[in-house]
Amino acid sequence: MDTITQPRNLPLLATPETCAGRTYIVTGANTGLGLEAARHLATLGAAKVILGVRNLASGEAAKRDIDNSTGTGAAVVEVWPLDLCSYDNVRAFVRRAADELDRIDAVIENAAVALSERELAEGHVKPVTVNVLSTFLMAALLLPVMREKAGKVARGEGDLVVVPRIVVVGSRVAFDESTGARVDWEGIKEDPIKGLDDEGMVPFKTYALTKLMEAFAIRHLARELVPVEKTGVIVNLICPGVCVTSLMRNSPPELKGVVTHLYATVARTAEDGSRTLLHGAVAGPESHGKLLHSCQDGEPDVPDWVKDDTKMQARTWEVIANELELVEPGCVAKMLECA
Ligand SMILES: NC(=O)c1ccc[n+]([C@@H]2O[C@H](COP(=O)([O-])OP(=O)(O)OC[C@H]3O[C@@H](n4cnc5c(N)ncnc54)[C@H](OP(=O)(O)O)[C@@H]3O)[C@@H](O)[C@H]2O)c1
């Protein structure tokens, strides 16, 4: 961890040309990176920015903060309830998006948890439910909605074309040898959900391992969703780098010193880090299935044991997809229909 270096003052690759008049969903947007990404989108002239939050009071405070700091009209930012600990909640959120939004240009799937206690939701440890299963459930349910709306927009005269993007916020901590995630993965790789749910798993280790699951799964999912020219959909993974946020509020005491040190030395502000989320939301087909970080191609930093192991990518996606099928039968096939 001491060897981490990362550029700061990142470029803002999203512009009024790429964002004005568009509609965005940002999950976990009441604080941290999600809040700052939503603020940028409002500033850049987005027509609608939906803050998906589990705590409505905190979401409303975030909206007031964005409204006041950007001077955008009160109608641009909306606060919608979204608790990724509940599949019903994810379903209700997607239904509302289908009913109320004319277009969805990008969904930034940013919400995540890192916990040092074993807590369950929907029968799994929370990091699995929140960071992986609900994140991919939302992608599976939203993707057909986004495509349908994009088609309708394309048939309208003079409208801005929609290229739906699903941006999953991951983390290179998954590849960091010092976290031990690679070694831990060896023990659970046949069935990572079962392995992470096991009572013997050290709770805080699940964070990096769920981020590894995302990294493997996205690569396979993107291969299923090709060619981009036909599907019209871009799915990418971004890593914001080390940023000062409240993410590590539940970290175990032995990690607090490391986190404090990183925050005092190399960390980006949440605003700086949020620029990587915006990059994902406007990146082109070249980003499909790829890692972006520091507002550039992040592929050189994906280790070969992740990049080249297509069997592991397929297996990880299969384990996730099996669970999604139990939750919402037919959703995976429907998601892949466009390919
Ligand atoms: N900060 C970093 O150094 C860093 C590095 C690499 C990757 N990341 C990734 O960046 C993303 C954003 O994290 P952050 O650093 O901005 O942390 P953060 O400030 O803790 O924000 C996390 C967000 O996720 C929300 N969330 C947690 N559980 C949820 C649930 N069940 N349903 C809905 N929302 C939920 C939180 O809501 P509450 O406020 O209600 O808890 C909060 O809005 C995460 O995916 C994280 O893994 C961060």
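Residues numbered from 1 in each chain as written. Predicted model: local features only at pLDDT ≥ 70, side-chain atom pairs only at ≥ 80, totals over all residues. Heavy atoms only, no water.

- In the nomenclature of an unreviewed UniProt entry, the protein is known as NAD(P)-binding protein of Parathielavia hyrcaniae.

### Observations regarding the overall build of the protein
And then number 1: Along its length, the protein carries 14 helices and ten strands.
And then number 2: Scaling as 2.2 N^0.38, a compact globule of 339 residues should have a C-alpha radius of gyration of about 20 Å, and the protein matches this with 19 Å.
And then number 3: Of all 339 residues assigned to the protein, the portion counted as buried reaches 57%.
And then number 4: For the protein, long-range pairs separated by at least 24 residues make up 78% of all intrachain contacts whose partners lie at least 6 apart in sequence.
And then number 5: By element, 52% of the accessible surface of the protein is carried by carbon and sulfur atoms, the whole surface being about 13900 Å². (Helix = DSSP H or I, 4+ residues; strand = E, 2+ residues; numbered from the N terminus. Rg over C-alpha atoms; globule rule 2.2 N^0.38 Å. Buried < 20%, exposed > 50% of the residue type's maximum accessible area, 1.4 Å probe, protein only. Contact = heavy atoms within 4.5 Å. Areas by Shrake-Rupley, 256 points an atom, 1.4 Å probe, with all protein chains shown as cover.)

### What to know about the site of the ligand
And then number 1: Around the ligand, the surrounding shell holds 28 residues, and the nearest of these are N30, R54, Y207, T245 and R249.
And then number 2: Here L33 contributes a backbone N or O atom positioned 2.9 Å from an oxygen atom of the ligand.
And then number 3: N110 places a main-chain nitrogen or oxygen 2.7 Å from an oxygen atom of the ligand.
And then number 4: Burial of the ligand by the surrounding chains reaches 94%, relative to a free accessible area of 890 Å².
And then number 5: Listed by contribution, the elements that provide at least two residues to the shell around the ligand are α2 (32-43) and α8 (205-224).
And then number 6: Of the residues that constitute the shell around the ligand, the class distribution is 14 nonpolar, ten polar and four charged. (Near = heavy atom within 4 Å. Polar contact = N/O pair within 3.5 Å; in protein donor to acceptor, adjacent residues only side chain to side chain. Nonpolar A, V, L, I, M, F, W, Y, C, P; charged D, E, K, R; others polar.)

### Comments concerning the packing of aromatic side chains
And then number 1: Overall, the coordinates contain four aromatic pairs when judged by the stated rule.
And then number 2: Centre to centre, the rings of F136 and W317 are 5.7 Å apart; their planes meet at 75 degrees, and the pair counts as edge-to-face. Of this pair, F136 sits in helix α5 (residues 126-155) while W317 sits in helix α13 (residues 310-327), placing them 181 residues apart in sequence. As far as burial versus exposure is concerned, F136 and W317 are alike and both buried. (Phe/Tyr/Trp six-rings, centres within 6.5 Å; stacked < 30°, edge-to-face > 60°.)

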